[in-house]
Amino acid sequence: MTISPANLTATVAHSPADAAAAAIGRCHAVILAGGSGTRLWPLSRALFPKQLLALNGDLSLLQQTVRRVLSLFPPERVHIVTNEEHVFEVRAQARALDERLDSQVLAEPVGRNTLPAILLGLDAALRHADAAGSDAPNGAHADDAPLLAVFPSDHLLHDEGRWRAAVTRGAGLAAEGWSVTFGVPPTTPETGYGYIRRGAPLAAPDAAAKGAAFAVDGFVEKPDLETARGFLRQGMHFWNSGMFVFNGGVLLAAVQRFQPALAAWWATREDTPLAPAIPLAHGYSTLPSISIDYGIMEHVDRIAVVEADFGWDDLGSWEALYRLGAKDERGCVVQGDTLAMDCDDCLLLSRGGKLVAIGLSGVIAVQTRDATLICAKDQVQRVKDVVERLKAEKSPLVDVHLTVRRPWGNYTVLDEGPGRKVKRIEVNPGARLSLQMHHHRSEHWVVAKGAALVQVGNEERTLTENEWVDIPKATLHRLTNPGRIPLELIEIQSGPYLGEDDIVRFDDVYGRRKEG
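Residues numbered from 1 in each chain as written. Predicted model: local features only at pLDDT ≥ 70, side-chain atom pairs only at ≥ 80, totals over all residues. Heavy atoms only, no water.

(A) Here's a closer look at the overall build of the protein. Secondary structure assignment for the protein yields 12 helices and 28 strands. For the protein, whose C-alpha radius of gyration is 25 Å, the value lies close to the compact-globule estimate of 24 Å for 516 residues. Projected onto its principal axes, the C-alpha coordinates of the protein cover approximately 75 × 70 × 40 Å. Counting only residues that meet the buried cut, the protein has 50% of its 516 residues in that class. Counting contacts in the protein only where the partners sit at least 6 residues apart, residues at least 24 apart contribute 70% of the total. Counting every atom, the protein has about 23,100 Å² of accessible surface; 51% of that belongs to carbon and sulfur. For the protein, the centre of its 53 positive side-chain charges and the centre of its 64 negative side-chain charges are spaced 2 Å apart. (Helix = DSSP H or I, 4+ residues; strand = E, 2+ residues; numbered from the N terminus. Rg over C-alpha atoms; globule rule 2.2 N^0.38 Å. Buried < 20%, exposed > 50% of the residue type's maximum accessible area, 1.4 Å probe, protein only. Contact = heavy atoms within 4.5 Å. Areas by Shrake-Rupley, 256 points an atom, 1.4 Å probe, with all protein chains shown as cover. Lys, Arg positive; Asp, Glu negative; His and termini not counted. Charge placed at Lys NZ, Arg CZ, Asp CG, Glu CD.)

(B) How the structure looks around the packing of aromatic side chains. All told, the structure shown has 10 aromatic pairs when counted by the stated rule. Their ring planes at 70° and their centres at 4.9 Å tell us that Tyr193 and Trp239 sit as a pair that is edge-to-face. Of this pair, Tyr193 sits in the loop between strand 6 (179–184) and strand 7 (195–201) while Trp239 sits in strand 9 (residues 237–247), placing them 46 residues apart in sequence. The exposure class assigned to Tyr193 is buried, which follows from its relative accessible area of 12%. Their ring planes at 45° and their centres at 6.1 Å tell us that Phe214 and Phe238 sit as a pair that is tilted. Placement of Phe214 in strand 8 (residues 213–220) and of Phe238 in strand 9 is noted, with a sequence separation of 24 residues between them. (Phe/Tyr/Trp six-rings, centres within 6.5 Å; stacked < 30°, edge-to-face > 60°.)

(C) Representation of the packing of helix 5 (residues 114–131) against helix 9 (residues 260–267). Where helix 5 meets helix 9, the closest approach of the two axes is 12 Å, and the angle between their N-to-C directions is 30°. In terms of orientation, helix 5 and helix 9 fall into the roughly parallel class. Two packed elements cross with a definite hand, and for helix 5 against helix 9 that hand is right-handed. In contact with Leu115, Pro116, Leu119, Leu120, Leu122, Asp123 and Leu126 of helix 5, helix 9 contributes Leu262, Trp265 and Trp266. Residue composition of the contact of helix 5 with helix 9, grouped by class: 9 nonpolar, no polar and 1 charged. (Axes fitted to C-alpha atoms, helices over the stretch in contact; angles between N-to-C directions. Parallel < 35°, antiparallel > 145°, perpendicular 65-115°, else oblique. Left-handed = near helix turned anticlockwise from the far one by under 90°. Nonpolar A, V, L, I, M, F, W, Y, C, P; charged D, E, K, R; others polar.)

(D) Spatial organisation of unusual backbone geometry. Note that the residue after Trp41, namely Pro42, is joined by a cis bond; omega there is 10°. Following the sequence through the fold, Pro42 ends up in the loop between strand 1 (27–32) and helix 3 (61–70). Positioned with a positive phi, Asn113 is a non-glycine residue whose angle comes to about 75°. Summarising the element assignment, Asn113 is placed in the loop between strand 3 (105–108) and helix 5. Located in the positive-phi region is Arg302, a residue other than glycine, with phi close to 55°. Tracing the backbone through its elements, the reader meets Arg302 in the loop between helix 10 (292–297) and strand 10 (303–307). Classification of Arg302 as partly exposed rests on a relative accessible area of 36%.

(E) Fine view of the pattern of salt bridges. Per the counting criterion, the structure on display carries 24 salt bridges. The partner of Asp337 in a salt bridge is Lys354, and the shortest N-O contact between them spans 2.9 Å. Highlighted residues: Asp337 in the loop between strand 12 (333–335) and strand 13 (338–341) and Lys354 in the loop between strand 14 (347–350) and strand 15 (355–358), separated in sequence by 17 residues. Of the charged contacts in the structure, one is a salt bridge between Arg420 and Asp415, with a shortest N-O distance of 2.4 Å. When its relative accessible area of 38% is taken as the criterion, Arg420 is described as partly exposed. Given a relative accessible area of 37%, Asp415 falls into the partly exposed group. Within this structure, Asp123, Arg127, Arg269 and Glu270 form a network of salt bridges that share partners. (Salt bridge = Lys/Arg side-chain N within 4 Å of Asp/Glu carboxyl O.)

(F) Layout of empty space enclosed by the protein. For the structure shown, the criterion picks out 1 cavity of 30 Å³ or more. Along its surface, the largest cavity is lined by Thr65, Arg68, Val69, Phe151, Pro152, His155, Leu157, Trp163 and Met243. Of the residues contributing to the lining of the largest cavity, the split by class is 6 nonpolar, 2 polar and 1 charged. (1 Å grid on protein atoms, 1.4 Å probe; cavity = no way out; pocket = protein on both sides within 12 Å on 5 of 7 lines; lining within 4 Å. Points joined across faces, edges and corners; volume = space filled by probe spheres on them.)

(G) Broad picture of the packing of helix 3 against helix 4 (residues 87–97). Their axes nearest at 10 Å, the elements helix 3 and helix 4 cross at an angle of 45°. Judged on the interaxial angle alone, helix 4 and helix 3 are oblique. For the element pair helix 3 and helix 4, the recorded crossing hand is right-handed. Residues Leu62, Gln63, Val66 and Arg67 of helix 3 touch helix 4, and the partners they reach there are Val90, Gln93, Ala96 and Leu97. Residues of the contact of helix 3 with helix 4, tallied by class, amount to 5 nonpolar, 2 polar and 1 charged.

(H) Highlighting the nonpolar core. Phe73, Ile80, Phe151, Trp163, Val180, Phe182 and Trp318 are the most contacted members of the largest nonpolar core, which totals 75 residues. When sequence neighbours within four positions are dropped, the list of residues in contact with Ile80 reads Ile31, Ala33, Leu62, Val66, Val90, Ala94, Gln104, Val105 and Leu106. Counting residues in hydrophobic clusters, the runner-up holds 37 residues, among them Leu120, Leu126, Ala254 and Ile290. (Core = buried A, V, L, I, M, F, W, Y, C linked by side-chain atoms within 4.5 Å.)

(I) Quick peek at the side chain of Arg112. Looking at the secondary structure, you find Arg112 in the loop between strand 3 and helix 5. For the buried Arg112, no salt bridge exists, and the shortest N-O distance to an oppositely charged side chain is 7.9 Å, to Glu108.

(J) Region of the structure containing the sheet that holds strand 14. Across the sheet, 4 strands lie side by side as 12-14-16-17; this open sheet has mixed pairing. Single-partner strands in this sheet number two, and they are strand 12 and strand 17 (372–376). The sheet shows a mean angle of 5° between the axes of neighbouring strands, direction not considered. Pairing between strand 12 and strand 14: 3 bridges, direction parallel. Bridging from a neighbouring strand, Gln335 pairs with Leu349 of strand 14. (Pairing = 2+ DSSP bridges.)

Structure representation (structure tokens):
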């Protein structure tokens, strides 16, 4: 489908308002799943961030978001935007809920904030309309354009029925040409959120429409404490939830007007007399990094806010996990292999080893296998400063856990030191690693469980338990699990450089980069 932004904007105000329920029928959901979640370190790492973690049950925050979205949108109208580092895990988690979502995951080549990511989702929505046989002509009116509902992947909601009603109301407003955001009624004078100042109430188009909605009078950046207290007293401000609904054509018109660099990039997706179409991912790295808030919402007219009265929390800090967690008789939230003695009002969480706490009050203690965080509850906002310090030190603790997931399985670092590293590698049944070589290290593999099909150079052989093979440096090799049970082996690396970027891929069934 080709959309003419100018024509869309010119006609939208004259289109009759669709019923909100009908608007959902032309609405696509875009789930943004590319964040890094630094405020929940050490549990959240760059290569396995907050949205991929199960923090309050068996499902990750991403899976909870996907499940909620699937209650309102069919899988073919759900588009999940992540980055290349997370795409395989995101696909696996989405596929566990509905196999049809495997093809609905989009990978950004590099992170460029929320506005370019949303445009990737819009591109997928338009291509879906083309594949579905839309006969909308070039220069179609706004009524022909898809609507786009945008959701973060790492928020917690408590009342999904109210959420569906609010999103349905938002879709109805977007069908009328409003750019819609969702505002959370504040309960505390929070200084870590942006605020939305509400204006005049908007009448519902029909009696079935639920959810209070208002014109937006303005946006306020994260305020100081006294200002936030004033907002709470006045009752005219909402927290900005980061959820939106747009008319696709209205959004493109705004991009064309306010973000010419993005508009020029977007134009490359269509054939012209002078040049063939270019996939949007090809020019992605040249784009400015810009959020939907700064790039569009702070500039456009006709912005509406729907009251998000469905119990919302962005789980943006360990204090939020404490606040929402089930507490014992002394006010402590305890998870994992933990022993608390005479502790009050603490969050004690272990994901590796025994955590013992004695006589603590108002403390956050989070333990993983390779890092431990201990801080006062009122200091949790400084966790992001810790991450910045670790980045400056080039610490691997910022990026990875000891166990690292890969599309073929996972590996765990058991021991490492100068010139050596020992890993336990688990390969899923039927999975295979890339055909690869390393410039600086040799490897010794011992099969601990299952069977391994090993290629070294031009020779292949099958190894079973307790059998081994040596891989000299600069030698082509590949590992495959031909069996029906997971393959486990021990890998001993030796050499002057053992970084994960010492790899050259010659063939990879997962389409990963040749190097790194």
